[in-house]
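# A look at the structure
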Amino acid sequence: MPAKGRTKQPVTVEQHNVKLSIAVPTGYSIRLGTILFLACGVGYLHWYHISTLFEEDRHFSHLSTLEREMAFRTEMGLYYSYFKTIVEAPSLWNGLNEIMNDRLTEYPLVINTLKRFNVYPEVVLASCYRIFIKMTDFFNYRPKQCYSVHRGHGLSPVLSCEGLGDPACFYVSLIFILNGCMMSLFFIFGTYLSGSRLGGLVTVACFFFNHGECTRVMWTPPLRESFSYPFLILQMMLLISILRSQNADKKMLTALCAANIFFMLPWQFAQFVLLTQISCLFAAYVLGYIDSSLLQKILSSHMVSLLICFVLMFGNAMLLTSYYASSLVVIWTIISFKNIFVKFARSPIIIWIAEVIAWFAGTTIIKILISKILGAADDAHIGNLLKSKFTNYKDFDTLMYSCAVEFDFMLKETPLQYTTTLLLPVVIFIFCVVGIKTLLGMWYSGKTSLQATTVDGNKRQELLHNGEVVYLNFQLIAFAVMAILIMRLKLFLTPHMCLMASLVSSKQLFGRFIKKYQQQLAVLVLLTLMAIQGSANLQAQWSIKGEFSNLPQEELIEWVKAHTNKDAVFAGAMPTMASIKLSANRPIVNHPHYEDAGLRARTKIVYSMYSRKPVEEVKQGLLNLSVNYFILEDSWCTRRTRPGCSMPEIWDVEDPKHAGRTPLCTKLSKETRPHFITVFENDVYKVLKIVQHGHT
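This text gives an overview of the structure that appears in the document.

This brings us to the state of the cysteines. If you walk through the whole model with that rule in mind, you get 3 disulfides. With its sulfur 2.0 Å from that of its partner, Cys-146 forms a disulfide with Cys-161. Between Cys-146 and Cys-161 the disulfide shows an S-S torsion of about 100 degrees. By sign, it is right-handed. Pair noted here: Cys-146 is in strand β2 (residues 145–150) and Cys-161 is in strand β3 (residues 158–162), with a separation of 15 residues, a long-range link. Considered together, Cys-146 and Cys-161 belong to a single accessibility category, that of buried residues. Disulfide partner of Cys-403: Cys-645, at an S-S distance of 2.1 Å. Here the S-S torsion is close to -80 degrees, and the disulfide linking Cys-403 with Cys-645 is therefore left-handed. One end of the pair, Cys-403, is in the loop between α19 (396–402) and α20 (413–420); the other, Cys-645, is in the loop between α31 (634–638) and α32 (647–654), and 242 residues separate them in sequence. Taken in N- to C-terminal order, the disulfide-linked cysteines of the protein are connected 1-2, 3-5, 4-6.

Taken together, Arg-31, Arg-197, Lys-507 and Lys-516 make up a surface patch of like positive charges. Positionally, Lys-507 belongs in helix α25 (residues 507–510).

Following the criterion strictly, the structure yields 17 salt bridges and no others. For Arg-58, the salt bridge identified is with Asp-57, shortest N-O distance 3.6 Å. Between Asp-397 and Arg-600 there is a salt bridge whose closest N-O contact spans 3.8 Å. Of this pair, Asp-397 sits in helix α19 while Arg-600 sits in helix α29 (residues 597–606); the two residues are 203 residues apart in sequence, bridging distant segments of the chain. Grouping residues by exposure puts Asp-397 and Arg-600 together as buried.

What follows is about empty space enclosed by the protein. Picture a little ball the size of a water molecule; that probe, rolled over the atoms, points out where space is still empty. Counting across every chain of the model gives 2 cavities of 30 Å³ or more. Put simply, the largest cavity is a space of about 150 Å³. In terms of lining residues, the largest cavity is bounded by 16 residues, among which Cys-214, Thr-215, Glu-225, Tyr-229 and Leu-491 are the most central. Counting residues per element, the ones that place at least two in the lining of the largest cavity are α7 (167–194), α10 (224–245) and α24 (490–501). Per element, the largest residue contribution to the lining of the largest cavity is 4 residues, and it comes from α10.

Looking now at the environment of Val-124. Note on placement: Val-124 falls in helix α6 (residues 120–138). Taking relative accessible area as the criterion, Val-124 reaches 47% and is therefore assigned partly exposed. Considering only alpha carbons, one finds Val-124 and Phe-83, 41 residues apart in sequence, at a separation of 8.9 Å.

Okay, the side chain of Asp-596 next. Counting through the fold element by element, Asp-596 comes out in the loop between α28 (574–584) and α29. The class of Asp-596 is buried, set by a relative accessible area of 14%. One polar contact links the side chain of Asp-596 to the main-chain amide nitrogen of Leu-599, over a distance of 2.9 Å.

Compared with the 16 Å implied by 1.5 Å per residue over 12 residues, the 16 Å span of α24 between its first and last C-alpha is a close match. Of all 12 residues in α24, 12 are buried; the element is thus mostly enclosed. Residues Lys-490, Leu-491, Phe-492, Leu-493, Thr-494, Pro-495, His-496, Met-497, Cys-498, Leu-499, Met-500 and Ala-501 constitute the buried set of α24.

Through backbone hydrogen bonds, the strands of a sheet pair up, either in parallel or in antiparallel fashion. Pairing is mixed across the open sheet formed by 4 strands, whose spatial order is β4-β5-β7-β6. The open sheet is flanked by β4 (570–572) and β6 (676–681), the only strands paired with a single partner. Taken over all neighbouring pairs, the strand axes of this sheet differ in orientation by 30 degrees on average, direction set aside. Bridge count between β6 and strand β7 (residues 685–690): 5 bridges; the pairing is antiparallel. Looking at the pairing, Phe-680 lines up with Val-687 of β7. Here helix α27 (residues 551–563) sits on the sheet and contacts β4, β5 (629–633), β6 and β7; the angle it forms with β7, its principal contact strand, is near 30 degrees.

A separate point is the layout of surface pockets. The computed volume of the second largest pocket comes to approximately 490 Å³. Forming the walls of the second largest pocket are 18 residues, and the residues nearest its centre are Trp-47, Ser-51, Glu-162, Cys-169 and Ser-173. Contributing elements (two or more residues each) for the lining of the second largest pocket: α1 (30–58) and α7. Examining the composition of the lining of the second largest pocket, we find that 7 residues originate from one element, α1, more than from any other. Among the residues making up the lining of the second largest pocket, the classes are represented as 10 nonpolar, 5 polar and 3 charged.

About the criteria used
Residues numbered from 1 in each chain as written. Predicted model: local features only at pLDDT ≥ 70, side-chain atom pairs only at ≥ 80, totals over all residues. Heavy atoms only, no water. Disulfide = S-S within 2.5 Å. Helix = DSSP H or I, 4+ residues; strand = E, 2+ residues; numbered from the N terminus. Buried < 20%, exposed > 50% of the residue type's maximum accessible area, 1.4 Å probe, protein only. Patch = residues over 30% accessible without salt bridge, like charges linked within 9 Å, V, L, I, M, F, W, Y side chains within 5 Å. Areas by Shrake-Rupley, 256 points an atom, 1.4 Å probe, with all protein chains shown as cover. Salt bridge = Lys/Arg side-chain N within 4 Å of Asp/Glu carboxyl O. Lys, Arg positive; Asp, Glu negative; His and termini not counted. Charge placed at Lys NZ, Arg CZ, Asp CG, Glu CD. 1 Å grid on protein atoms, 1.4 Å probe; cavity = no way out; pocket = protein on both sides within 12 Å on 5 of 7 lines; lining within 4 Å. Points joined across faces, edges and corners; volume = space filled by probe spheres on them. Polar contact = N/O pair within 3.5 Å; in protein donor to acceptor, adjacent residues only side chain to side chain. Expected span 1.5 Å × (residues − 1). Pairing = 2+ DSSP bridges. Axes fitted to C-alpha atoms, helices over the stretch in contact; angles between N-to-C directions. Contact = heavy atoms within 4.5 Å. Nonpolar A, V, L, I, M, F, W, Y, C, P; charged D, E, K, R; others polar.

Right, here's the structure in full:
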């Protein structure tokens, strides 16, 4: 690894000879053995790819502990802080007790972070780390090597440790291993879906050729999707297996339930993805492509996993008040009372319309009723965000989201990028083929009354065997709508497109029209054409070279640790607050996890510093939150991603009566007295101590 401006001098050098003994399983068929071998190979390639990109971008191996923590910006730092808390606690139980009775994150409140922040991954990784360290101590093996890193440019040297014995290295390494395993799953999924190993290779190749559109784990490892998304792939593969076999035994349903739990626990957004999944399954059922008894079994697995997650998250109300939970109940009810729809409407089309209306109206009504009963409003901002996409509706919270590029509409360049790698044309072709088959099935059901018991058994069975590709088509539509509305959600669309692309090798879709060797040759030609732009995309990723450094924040954190009491309370921009809690271990009143109604209200009070309100009103709001220090950042006062998106302009929507005045942050950048005292200042940050009543 080139030094990139930093050089290492070893502090302690030890060599260890490690012998590995690998037991090779026997008794497998050659075909299955080849699939597993290829799956392991592509998994290793993806692990190597993302870990190398991460290292090349930040030079992580040469960073000090503080620099590594600063590299986990915004909510990433918040999540990592809980891993750090458990790792540094005297015992695992003490660490768990500390994060379940957290007094630092939303001072002066005491919160259970396991209930609020989906931090079970940090609990698991911290537990693994503690076990790993105990094992290495027992065998007298030192799992890390430390160096003195000379940073150049007149900066003082820092101590940098690498190896699995370093907490940050252990943390990101296991994330990358998990996402390497995810690529193995992608290959197996693509192979199973298409019935061909070549289809699995198409899925993997499309993922690599469109890697920047598929994932961001190599840039932001601690984000919830890094832990959660691999289990969605496992869950969907199990679901496709159930739909294809038309058999949901207890083992498969238990596995599906477990995959649901592992997908939902790490990520608060998972419930919205599962809502789209059961909606697509319901659509396929309405059209006659999924049997009612099979769908009820799948729904039962979803219900059990939802209740288990509700218990494990100590009664998190967002789970029960979600559209996902309401939709599960409504679809189950519609299936149970199917005969009523058939009795009053003989025409299949009328039955379809009635079922869809009942699902939509029932889900909405039940969700509203449960939310009112439980008094929950944590997900209200999601509805307002969607409302703002289609209307002129604006408020403080929706602008905080929509002004961020990742929550804006999909960029116009994104479809072009899909097209240059031929991913979009291939998926559109497959979508049309599956769509035509679906329309023919709908036409047949209209002719023969598919809902009746007199339907020809063979024809009915043929339609049911197409259920999984019909579901995948509906899921593609759902993911496409999500990605168009919110650009960040293309992380669901693009990998799903890669899976759909595997169907170019499907005998089920194309076996009647083309011979096997001709189909294989066509796929190989397609892969060659995809590789033209795909390899250029990979080269662009590999060319990224960087080195993390944030001296202004480093100065800030060092000052906070040296010159403030451990119980001093801080407020400021959400990303900075995460770093203050993580690295300085000081109480904060707001943070980047914006999914709680109470936290959104607190953040609005803190961000009034960037409004045009009178200084006395802003100061009183901070005092009501028990704030001692406010970290003012001029960039938050002047930054403007697009017209209407600077903080003062956002406040003009929320507080129109003060519009036109000079922003308070601009005034305080010149003179802070008498309400605040500047106690620290550099090029980026200014720490303001709040003058208490009667003090100067």
